[in-house]
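Descriptive analysis of the structure
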Amino acid sequence: MSETHITDILIVGAGPAGYTAAIYAARAGLDPLLVTGMQPGGQLTITDEIENFPGFAKPVQGPWLMEQMRLQAEHVGTRFQFDLISKASLKNGPDHEGYFHLTGDSGDAYRARTVVIATGAQAKWLNLPSEQHYQGSGVSACATCDGFFYRGKDVAVVGGGNTAVEEALYLTHHADNVHLIHRRDSLKAERILQKRLHAHPKIKVHWNREVREIRGEGTPSVVTGLDLHDPRDPAVKQHLPVDGVFIAIGHSPNVGPFRHEVACDEEGYIITPPGTARTSVPGVFAAGDIQDKIYRQAVTAAGTGCMAALEAERYLAERVHDK
């Protein structure tokens, strides 16, 4: 039987942004309710080692870090609902009683005075079985997160846009050789980035090449190379020995039912003014990768989660004062 959940602050998403918003909201006495979504813990649940989150002398496991955040949020008073928001009514503002209305896949109804959208984004993948097999063992979608592990090694970056070129340039700080693999004969990246790429002695561009298979060996199995082919002529094949591959063909924001409820850019990322977590709808806030397509780090997501909770607290206080 469906239920109706009522709260001062509804947090949608259980990644670093959502958990941090919940911690701050709970400490402010807002009795937050967090709807976890399909993947509690977000992208970090498929991240093997995390070495750049402050507070740990040694690398920590992504799933473990997310579990610690969940336990902390629970300890300070966050309520959890394992559900997926499938419908939201936000753009016209709260009802006459001051509540926004949302509905979950479960059929449960949610009434909230404020909403924090922290549903994140997900990397676009090549959809190869071997790609999934080697995630965390040589396949990554974040050079900033994992580049350090390839010091003195050879790596490949797949893509041709700004993200791919930026990832390739970043990886030159760690890897000995960086191979950029692009399925066309020209890049989509900005000219200034292309100029830097072509001028770098560590980077080699492989034109008109697609990844057909990711190869590996050992126990546990790790990436050892890539099988490439020419999309114009599949008979043209190439094997490229590398120690890791970074997929940089873009990200997709998990905007879902919020796409037409708050202002989004052309890619679907929720728009928030610089230095705030506010959306186009007063009382609705956004945090983490759903509104950040530049940094996409756990620590920046946590920071915007903090901002969202503090702004929601201020919004509620102002409404009480106005009455």
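Whatever comes next refers back to the structure up there.
Here goes a summary of the coordinates provided. (Residues numbered from 1 in each chain as written. Predicted model: local features only at pLDDT ≥ 70, side-chain atom pairs only at ≥ 80, totals over all residues. Heavy atoms only, no water.)

A word on the nonpolar core
What counts, and what does not: To define a nonpolar core, start from buried Ala, Val, Leu, Ile, Met, Phe, Trp, Tyr and Cys residues and group those joined through side-chain atoms within 4.5 Å. Burial status follows relative accessibility: with a 1.4 Å probe on protein chains alone, a residue under 20% of its type maximum counts as buried, one over 50% as exposed, and anything between as partly exposed. Segments assigned H or I by DSSP are reported as helices when at least four residues long, segments assigned E as strands when at least two residues long, and all are numbered from the N terminus. For this analysis, residues touch if any pair of their heavy atoms sits within 4.5 Å.
Core analysis: the biggest nonpolar cluster contains 32 residues, and Ile9, Ile11, Tyr19, Leu34, Leu65, Val116 and Phe285 have the highest contact counts within it. Listing elements by their share of this core, those giving two or more residues are strand 1 (4–12), helix 1 (16–27), helix 2 (62–75) and helix 7 (298–322). Counting residues per element, this core draws most heavily on helix 7, which supplies 7 residues. The contact partners of tyrosine 19, leaving out residues within four places of it in the chain, are Ala14, Leu34, Pro40, Gly41, Met66, Met69, Arg70, Ala73 and Phe80. Judged by nonpolar contacts, the second largest core, of 22 residues, contains Ala112, Val255, Phe258 and Val284.

Points about the sheet that holds strand 13 (residues 203–206)
Heads up, the condition is: For two strands to be treated as a pair, DSSP must find no fewer than two bridges joining them. Axis lines are fitted through C-alpha atoms, for helices just across the contact stretch, and the angle between N-to-C directions can take any value from 0 to 180 degrees.
Spatially, 10-17-11-12-13 is the arrangement adopted by the 5 strands of the open sheet, whose pairing is parallel. Taken across any chain shown, the strands that pair with only one partner, and hence form the sheet edges, are strand 10 (139–140) and strand 13. In this sheet, strand 12 (residues 177–181) lies alongside strand 11 (residues 154–158) in parallel orientation, the contact comprising 5 bridges. Bridged to valine 158 within strand 12 is isoleucine 181. Docked against the sheet, helix 5 (residues 162–171) engages strand 11, strand 12, strand 13 and strand 17 (244–247), running at close to 170° with respect to strand 11.

Quick word on a positive patch on the surface
Our working definition: Patch membership is restricted to residues that have no salt bridge and whose relative accessible area is over 30%. Joining uses 9 Å for like charges and 5 Å for the nonpolar side chains Val, Leu, Ile, Met, Phe, Trp and Tyr. In short, Shrake-Rupley with a 1.4 Å probe defines the accessible areas, and a residue's cover is counted only from the protein chains shown. A carboxyl oxygen of Asp or Glu within 4 Å of a side-chain nitrogen of Lys or Arg is what we treat as a salt bridge. Charge counting treats Lys and Arg as positive and Asp and Glu as negative, with His and both chain ends excluded. For charged residues, the charge sits on one atom: NZ in Lys, CZ in Arg, CG in Asp, CD in Glu.
Taken together, the side chains of Lys124, Arg183, Arg184 and Lys188 make up a positively charged region of the molecular surface. Mapping arginine 183 onto the fold places it in the loop between strand 12 and helix 6 (191–199). Classification of arginine 183 as partly exposed rests on a relative accessible area of 45%.

Here's the deal with the side chain of serine 140
Of note, serine 140 is situated in strand 10. In this structure, serine 140 is in contact with Trp125, Asp146, Val245, Phe246 and Ile247, ignoring residues within four places of it in sequence.

Quick look at the state of the cysteines
Here is the rule: Cysteine sulfurs are considered disulfide-paired once they come within 2.5 Å of each other.
Across all of its chains, the model carries 1 disulfide by this definition. Residue cysteine 142 pairs covalently with cysteine 145 via a disulfide, S to S 2.2 Å. Handedness here is read from the sign of the S-S torsion; for cysteine 142 and cysteine 145, about 70°, the answer is right-handed. Taking the relative accessible area as the measure of exposure, cysteine 142 reaches 15% and is therefore buried.

Some details on the environment of leucine 240
Within the fold, leucine 240 resides in strand 16 (residues 233–241). Exposure remark for leucine 240: the relative accessible area of 6% places this residue in the buried category. Note: C-alpha distance between leucine 240 and arginine 215 (25 residues apart in sequence) is 9.7 Å. In this view, leucine 240 contacts His179, Ile181, His206, Gly225, Leu226 and Leu228; residues no more than four positions away in its chain are not counted.

So, the packing of helix 1 against helix 2
Selection rule: These descriptions rest on fixed angle ranges, namely under 35 degrees for roughly parallel, over 145 for roughly antiparallel, 65 to 115 for roughly perpendicular, and the rest for oblique. We call a crossing left-handed when the near helix sits turned anticlockwise from the far one by less than a right angle, and right-handed when that turn is clockwise. Side-chain classes follow a simple rule in which Ala, Val, Leu, Ile, Met, Phe, Trp, Tyr, Cys and Pro form the nonpolar group, Asp, Glu, Lys and Arg form the charged group, and the remainder, Gly included, forms the polar group.
Contact pair helix 1 / helix 2: the axes reach a minimum separation of 9 Å and the direction vectors enclose 20°. With respect to helix 2, the axis of helix 1 lies roughly parallel. In this structure, helix 1 crosses over helix 2, and the sense of that crossing is left-handed. Contacts between helix 1 and helix 2 involve Pro16, Tyr19, Ala22 and Ile23 from the first element and Met66, Met69, Arg70, Gln72 and Ala73 from the second. Here the residues of the contact of helix 1 with helix 2 are counted per class, giving 7 nonpolar, 1 polar and 1 charged.

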